[in-house]
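Understanding the architecture of this molecule
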Amino acid sequence: PNQRADRYISSPRAPAALRSTSEHNRQASEHRKNVHKVKRYPWVLTRNSILVTGATSFLAGHFLRCIGDDAAITATRRVDPSIVARGGFDVVVNFSYDRALADQPYDPERDPDRILAEAIAPLPTHFFMLSSRTVYGRGDGSRYKEDAALAPATPYARNKAETEAFVRHCLGDRATILRLSNIF
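Residues numbered from 1 in each chain as written. Predicted model: local features only at pLDDT ≥ 70, side-chain atom pairs only at ≥ 80, totals over all residues. Heavy atoms only, no water.

A short note on the packing of aromatic side chains
- By the definition in use, this model includes two aromatic pairs.
- Geometrically, the ring pair formed by Phe 63 and Phe 95 is tilted, given 5.3 Å between the ring centres and 50° between the ring planes. Placement of the pair is Phe 63 in helix α3 (residues 58-66) and Phe 95 in the loop between β3 (91-94) and α5 (112-120), with a sequence separation of 32 residues.
- When the centroid spacing of 5.5 Å and the interplanar angle of 80° are considered together, the rings of Tyr 97 and Tyr 156 count as edge-to-face. Of the two residues, Tyr 97 is situated in the loop between β3 and α5 and Tyr 156 in helix α6 (residues 155-171); the sequence distance between them amounts to 59 residues.
- Relative accessible area serves as the criterion here: at 26%, Tyr 97 is assigned to the partly exposed category.
- On the accessibility criterion, Tyr 156 (25% relative accessible area) is partly exposed.
- Above the face of the Phe 166 ring, Arg 114 is positioned so that its terminal group lies 3.8 Å from the ring centre. (Phe/Tyr/Trp six-rings, centres within 6.5 Å; stacked < 30°, edge-to-face > 60°. Helix = DSSP H or I, 4+ residues; strand = E, 2+ residues; numbered from the N terminus. Buried < 20%, exposed > 50% of the residue type's maximum accessible area, 1.4 Å probe, protein only. Lys NZ or Arg CZ within 6 Å of the ring centre and 35° of its normal.)

Some remarks on the packing of α5 against α6
- Where α5 meets α6, the closest approach of the two axes is 9 Å, and the angle between their N-to-C directions is 5°. Relative to α6, the element α5 is oriented roughly parallel. Every residue of α6 that contacts α5 at Asp 113, Arg 114, Ala 117, Glu 118 and Ile 120 is listed here: Lys 160, Thr 163, Phe 166, Val 167, Cys 170 and Leu 171.
- Here the contact of α5 with α6 is composed, by residue class, of six nonpolar, one polar and four charged. (Axes fitted to C-alpha atoms, helices over the stretch in contact; angles between N-to-C directions. Parallel < 35°, antiparallel > 145°, perpendicular 65-115°, else oblique. Contact = heavy atoms within 4.5 Å. Nonpolar A, V, L, I, M, F, W, Y, C, P; charged D, E, K, R; others polar.)

Here it is as structure tokens:
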């Protein structure tokens with residue numbers, strides 16, 4: 001048997017499909033217990049200082065397990081501009097989202113990406129925003145091209161498109177917008 005492959009499959013970085021369901025569930029449970037034990041680092045700029053907001057979300061949990069050990073990570077459940085304002089982060093990755101924006105008109109006061117972009121604007125920090133492929137509209141099932149015209153058809157998609165425009169305007173090339181596919 002291939003011992004190297006066995007070690008990979010049992011590691012937290014292996015895709016869940018390769019691990020047994022019970023092992024995956026145990027790790028997910030352990031993550032939920034530990035996500036509240038936030039690592040605290042001094043507010044000094046280090047080479048890989050990362051702020052992760054929305055740290056208890058499904059995607060953030062996977063992201064946090066995959067980050068290398070050499071990164072200084074601060075993880076929070078909610079968006080808190082005062083943490084960003086203290087500075088010291090090279091990167092901010094937002095996994096937080098206000099569910100009210102999924103089906104209500106856009107409200108900048110409830111938009112965590114906008115709140116973070118405004119807090120980051122005066123700082124030398126790079127921002128990662130998680131958007132959605134729904135900003136392209138209802139597709140025909142084929143792949144979307146990144147430069148395709150936006151045609152948001154739902155309140156959620158319109159809100160994401162508006163947030164994207166604000167983040168781009170506010171941060172320019174210090175923002176990376178990832179348009180994710182459906183997450184279940």
